[in-house]
Amino acid sequence: MRLNRILLAMIDRPTQAMAAVTARPRSWWLPALLVLSSLALLTVVSAPQTVALTNERQAVILKPIVASLPEDQAALVMARSQMTERKLVLSAVLGGGVVMAIGWLVRAGVVHLSALALGGQSTWAGTFAAAGVWSMLPDFARNLVQTLVIAVNGRLIEHQGLSFLAASGDWLQDGTNLLYAFLAGIDPFTLWHLILLSVAVAVAAKLSTGKSITLAVVTWAVFTGSRLLLVAISSALGTLG
């Protein structure tokens, strides 16, 4: 199966698509390129609004800190804290790329080792391509949809996923709210990822449907938990401060 057909089959024939991916493990470069490119596009399109919002919130955070400083030093601190579009794009694309690459490797490693422990026949190359990278194709679709929404509306998406259900209206409070952070990661693209990951595990590791779904959900829960842990640490440090 050609790569363009694999790409389309991920929508309506994921089992066939993942079988083709497992047979062609070097195909991982395509979803990796698509996800990274869509991240860059989203960052560029949203850069003006993101920079303005980031600088506004940074000023709020620093205001009590610089209040006791001499006027010239306070102005210097505020100036150095300002984000620019260039800095934002570079940090988001380069930093995001590194984080994604690590995530792909870790996800594939968790699935590979867990599948072997459950009696599967996982191979690293096939599992990395299918479960590690191709299962993340929904990120590409999410980035494109968000880019379109921001371009049409001319403003950032205020609440990601289902986070609006736990939004307080105070961005400082929401930023340290575990429920808010959890719901922010729940949307239709998350469900699509779980479906692709389950299929990838079943095909690449030759596990039963039940074991594949369980392993996919557990893997997703581990990554979600690590993200929430960072929020909890940030909240704890803010409380201590």
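Residues numbered from 1 in each chain as written. Predicted model: local features only at pLDDT ≥ 70, side-chain atom pairs only at ≥ 80, totals over all residues. Heavy atoms only, no water.

A look at the packing of aromatic side chains
Logical step 1: Throughout the structure, instances matching the rule amount to 3 aromatic pairs.
Logical step 2: Consider the rings of Trp28 and Phe128, whose centres lie 5.8 Å apart with planes at 70 degrees: the pair is edge-to-face. With Trp28 in the loop between helix H2 (14-23) and helix H3 (29-66) and Phe128 in helix H6 (residues 124-133), the pair connects residues that are 100 residues apart, well separated along the chain.
Logical step 3: By way of ring pairs, the aromatic residues Trp28, Trp124 and Phe128 are connected into one cluster.
Logical step 4: For the cation-ring pair, Arg107 lies above Phe223, with the distance from its terminal atom to the ring centre recorded as 4.3 Å. (Phe/Tyr/Trp six-rings, centres within 6.5 Å; stacked < 30°, edge-to-face > 60°. Helix = DSSP H or I, 4+ residues; strand = E, 2+ residues; numbered from the N terminus. Lys NZ or Arg CZ within 6 Å of the ring centre and 35° of its normal.)

A word on the environment of Leu34
Logical step 1: Mapped onto the elements, Leu34 comes out in helix H3.
Logical step 2: You can call Leu34 buried: its relative accessible area is 19%.
Logical step 3: Considering only alpha carbons, one finds Leu34 and Ala141, 107 residues apart in sequence, at a separation of 9.2 Å. (Buried < 20%, exposed > 50% of the residue type's maximum accessible area, 1.4 Å probe, protein only.)

Notes on unusual backbone geometry
Logical step 1: Despite not being glycine, Lys206 shows a phi value in the positive range, around 55 degrees.
Logical step 2: With respect to the helices, strands and loops of the structure, Lys206 is situated in the loop between helix H10 (188-205) and helix H11 (209-240).
Logical step 3: Taking relative accessible area as the criterion, Lys206 reaches 52% and is therefore assigned exposed.

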